[in-house]
Protein chains: 2
Amino acid sequence: MDDVFDTERDSHDRPSNRFGEFLRLSAEERAVVAELLGPPQHYPRHHVLRREGTEPLNLHLLLGGWVAASLSLPTGKQQIVKVHLPGDLLGAPSLSLKSSAETLTTLTPVAAQPLSRSRLIAAFARHPRLAITLFLSAQKERVSLMDRLALVGQADAHVRIAALLVDLFDRLSAIGQARDGAFAMPLTQRDLGDLVGITPVHVNRTLRAMDKANLIRRSDQTITLLDIDRLRGLTGLPRRDFVFEPDWLPFR
Amino acid sequence: MDDVFDTERDSHDRPSNRFGEFLRLSAEERAVVAELLGPPQHYPRHHVLRREGTEPLNLHLLLGGWVAASLSLPTGKQQIVKVHLPGDLLGAPSLSLKSSAETLTTLTPVAAQPLSRSRLIAAFARHPRLAITLFLSAQKERVSLMDRLALVGQADAHVRIAALLVDLFDRLSAIGQARDGAFAMPLTQRDLGDLVGITPVHVNRTLRAMDKANLIRRSDQTITLLDIDRLRGLTGLPRRDFVFEPDWLPFR
DNA sequence: CGGAGTTTTGAGGCTATTCAAAGGTCGTGG
DNA sequence: CCACGACCTTTGAATAGCCTCAAAACTCCG
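Let us look at the structure shown here. (Residues numbered from 1 in each chain as written. Chains lettered and ligands numbered in written order. Predicted model: local features only at pLDDT ≥ 70, side-chain atom pairs only at ≥ 80, totals over all residues. Heavy atoms only, no water.)

### Some details on the overall build of chain A
What counts, and what does not: In DSSP terms, a helix is any run of H or I states spanning at least four residues, a strand is any run of E spanning at least two, and both are numbered starting from the N terminus. Values of the radius of gyration come from C-alpha atoms, whereas the globule rule sets the reference at 2.2 Å times the count of residues to the power 0.38. Three exposure classes are used, based on accessible area relative to the maximum for each residue type with a 1.4 Å probe and protein chains only: buried under 20%, partly exposed in between, and exposed over 50%. The contact definition used throughout considers only heavy atoms, calling two residues in contact when any of these lie within 4.5 Å. Here Asp and Glu are counted as negative and Lys and Arg as positive; His is not counted, and neither are the chain ends. Positions of charges follow a simple convention, taking NZ of Lys, CZ of Arg, CG of Asp or CD of Glu.
Assigned secondary structure in chain A consists of 7 helices and 11 strands. Taken against the 2.2 N^0.38 rule, which gives 18 Å for 252 residues, the C-alpha radius of gyration of chain A at 18 Å falls within 12% of a compact globule. Here chain A holds 252 residues, and the buried ones make up 58% of them. Here the contacts in chain A between residues at least 6 apart in sequence split such that 72% fall between residues at least 24 apart. Here chain A contributes 32 positively and 29 negatively charged side chains, and the mean placements of these two sets differ by 5 Å.

### What about helix 3 (residues 128-154) of chain B?
So the rule is basically this: The span you would expect from a helix comes to 1.5 Å times its residue count less one.
The terminal C-alpha atoms of helix 3 of chain B lie 39 Å apart, and with 27 residues this matches the ideal 39 Å at 1.5 Å per residue to within 8%. For helix 3 of chain B, the tally of buried residues reaches 25 of 27 residues, placing the bulk of the element in the interior.

### Examining the packing of helix 5 (residues 189-196) of chain A against helix 6 (residues 200-212) of chain A
Residue and element names in this part refer to chain A. Here is the rule we go by: The convention used is that axes are lines fitted to C-alpha atoms, helices contributing only their stretch in contact, and that angles between N-to-C directions extend from 0 to 180 degrees. Oblique is the label for any angle not covered by the other classes, which are roughly parallel (under 35 degrees), roughly antiparallel (over 145) and roughly perpendicular (65 to 115). Note on residue categories: nonpolar means Ala, Val, Leu, Ile, Met, Phe, Trp, Tyr, Cys or Pro, charged means Asp, Glu, Lys or Arg, and polar means any other residue, Gly included.
Packing of helix 5 against helix 6 leaves a shortest axis separation of 8 Å and a crossing angle of 100°. By the angle between their axes, helix 5 is roughly perpendicular relative to helix 6. Residues Gln-189, Arg-190, Leu-192 and Gly-193 of helix 5 touch helix 6, and the partners they reach there are Pro-200, Val-203, Asn-204 and Leu-207. Looking at the contact of helix 5 with helix 6, its residues break down into 4 nonpolar, 3 polar and 1 charged.

### Some thoughts on the interface of chain A and chain B
Put simply, the test is: By definition, the buried area sums, over both parts, the 1.4 Å-probe accessible area that each loses when the two are put together. Note on definitions: salt bridges are taken to be side-chain nitrogens of Lys or Arg within 4 Å of carboxyl oxygens of Asp or Glu. N or O atoms within 3.5 Å of each other form a polar contact, as long as, within protein, one can give a hydrogen and the other can take it, and as long as residues adjacent in sequence are counted only when both atoms are side-chain atoms.
In this assembly, 55 residues from chain A lie in contact with 55 residues from chain B. Around 5,700 Å² of area is buried between chain A and chain B when both sides are counted, 75% of it from carbon and sulfur atoms. Between the two partners, chain A and chain B, sit 0 salt bridges. Where chain A packs against chain B, one counts 8 residue pairs in polar contact (both at pLDDT 80 or more).

### Points about the relation of the copies chain A and chain B
Counted only if it meets this: Superposing the copies works by least squares over the C-alpha atoms of residues that have pLDDT at least 70 in both of them.
Taken as rigid bodies, chain A and chain B are interconverted by a rotation of 180° and an axial shift of 0.0 Å, the fit giving an RMSD of 0.0 Å. In symmetry terms, the pair is related by a two-fold rotation axis. Interface residue correspondence from chain A to chain B reaches 100%, placing this contact among same-surface, isologous pairings.

### Description of the packing of aromatic side chains
Operational definition: Stacked, tilted and edge-to-face are the three classes assigned to paired rings of Phe, Tyr and Trp, where Trp is represented by its six-membered ring and a pair needs centres within 6.5 Å; plane angles under 30 degrees give stacked, over 60 edge-to-face, the rest tilted.
Applying the stated criterion across every chain yields a total of 4 aromatic pairs over all chains. Judged by centre distance (5.2 Å) and plane angle (80°), the ring pair of A:Phe124 and B:Phe135 falls under edge-to-face. With A:Phe124 in helix 2 (residues 117-126) and B:Phe135 in helix 3, this pair bridges two chains. Assigned by exposure class, A:Phe124 and B:Phe135 land together as buried.

### Points about helix 2 (residues 117-126) of chain B
Short version of the rule: The arc under discussion is defined with respect to the helix axis, by the directions toward the C-beta atoms.
Along helix 2 of chain B, the residues classified as buried are B:Arg117, B:Leu120, B:Ile121, B:Ala123 and B:Phe124. End-on view of helix 2 of chain B: buried residues confined to an arc of 150°, all on one side of the axis. Among the structural elements, helix 3 (128-154) of chain A together with helix 1 (27-36), strand 3 (58-64), strand 8 (110-116) and helix 3 of chain B are those in contact with the buried residues of helix 2 of chain B.

### What to know about the protein's contact with DNA strand D
Going by this rule: Neighbouring residues are identified by heavy atoms, a residue being near a molecule or strand if any of them is within 4 Å of it.
Taken together, 15 residues surround DNA strand D, and among them A:Gln189, A:Asn204, A:Arg208, B:Ala157 and B:Thr199 come closest. A share of 79% is what sugar and phosphate atoms reach among the atoms of DNA strand D within 4 Å of the protein. A:Arg208 has a polar side-chain atom sitting 2.6 Å from a phosphate oxygen of DNA strand D. Note that a phosphate oxygen of DNA strand D is positioned 3.0 Å from one of the side-chain N or O atoms of B:His202. Among the secondary structure elements, those contributing two or more residues to the surface near DNA strand D are helix 6 of chain A together with helix 6 (200-212) of chain B.

### Some remarks on the protein's contact with DNA strand C
Taken together, the neighbourhood of DNA strand C is formed by 16 residues, with A:Ala157, A:Thr199, B:Gln189, B:Asn204 and B:Arg208 sitting nearest. What you see for DNA strand C is that sugar and phosphate hold 72% of its atoms within 4 Å of the protein. A distance of 2.8 Å separates a phosphate oxygen of DNA strand C from a polar atom in the backbone of B:Gln189. One of the side-chain nitrogen or oxygen atoms of B:Arg205 is found 3.3 Å away from a base nitrogen of DNA strand C. The set of elements that each furnish at least two residues to the surface near DNA strand C consists of helix 6 of chain A together with helix 6 of chain B. The greatest single-element share of the surface near DNA strand C, amounting to 4 residues, is contributed by helix 6 of chain B.

### Here we look at the sheet that holds strand 3 of chain B
Residue and element names in this part refer to chain B. Keep this limit in mind: At least two DSSP bridges between two strands are needed for those strands to be called paired.
One open sheet accounts for 4 strands, arranged 1-8-3-6; its pairing is antiparallel. With one partner strand each, in any of the chains shown, strand 1 (41-43) and strand 6 (89-90) form the two edges of the open sheet. Pairing of strand 3 with strand 6 involves 2 bridges; the strand directions are antiparallel. Within strand 6, the position partnered with Leu-61 by the bridge is Leu-89. Against the sheet, helix 2 makes contact with strand 3 and strand 8, and its axis sits at roughly 65° relative to strand 8, the strand it touches most.

Rendered as structure tokens:
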């Protein structure tokens, strides 16, 4: 966990959190964002940041660690709808609701900054570019959910697991937490099952088969993707090419 | 198809499209929205409004009819990620992308107004309340996708179908297109399968069983929910209670 | 009346599930 | 330092739910 909490970047670089995902924010705008954020908080593993059903008073900007957003069904089963990685904004979907839809649970030790929903929305008026990025971020998340839905709805266990691993790898690569196809994997096989909609037992058999097929290798909390191209090919969905400061946006 | 295209409402009433979903817009704001919209276009059944992979230059505001948003996998299978009903804004997720993720196909004859992505976003600056509603709308859609994902990931065919029917019923009720648990159903059993991730054959057996169990009744293009409470109970997900002009928003 | 698409029904097979239990790993406390 | 418990991974066997393939009946439209 050396540099897990290091998500700050040089401002000339591509920004490292959801606020600069689609636009290169000005110094003033970045100051406004910094002003919105509360002091970083630290949480242990398996801490519940938010329980579904409670009122969503504030969001969290994830600085370091992994967080699961999940829905639970009364059958006892739960679906993890998103694994949040550093830089992600947590809890936004429930802004539209009186009581939260998702439970946010830390999967690792976590550092995050709280941010008040009312102050965030208020900032939209004086800083429309903030509104635009966050609007586009929300749309990006919809695309991601649509992709997940298509996989869970139509693909078999191998494909679902492959897509999940590739997605995690891509997102971790973007924040410098994957090297040579390898990354730390804090998710248990039960977690993986809750993510892709299969039982832990079957996750195990699937991972095992993929290991034997030389697609992946597993060793103490680390997963290595041995043949990323083949894994990517399995998933069947195209790479999603997101815009950045597109020319159709106003006041760039 | 008498009043299918009638989605205009008295301005004192709860607005009928996505622009007034979370805020009661002022006369000026409603004028701005009207100004953004192009002239209504009409399309026949099975018309492709947008093909995945193409650049998303404009959105559509659906006035009447049903539209499917789908992703296709190279296996030939397709997942319908959303059935759009009158009042919905179509194509927004792909604003974040260089090329569209979803294919938009009309399921019935459709009337829709095009709207330019750049002009829409430009309006955010002078009319922050527009930005706020659309931001919240996007979050609402995320919740809806999360619910769908949880159902497809964890529930069996009966529960998935029940949840789908209840969702359609609730949304159609809100626009006055369902009475006494009954509504017109233009989706084929293949469509239903693409929505919930099961084969048409199994959809048929499931519907048939639900009919025999007196949960639903089917007759010429119409579905009647005979026991909505029991159907709702099957799904397991709580009713989603969305905010409207919540007191934590600025400048109400 | 023909043809395309949809609904219905049957039979057989496969994927993933359930249930059960053994072996590992890790953190904790004696 | 070892023993213990909690949780995770692995494996097996039997089962269930859903899929595939196939074909017949029905509806709708030209």
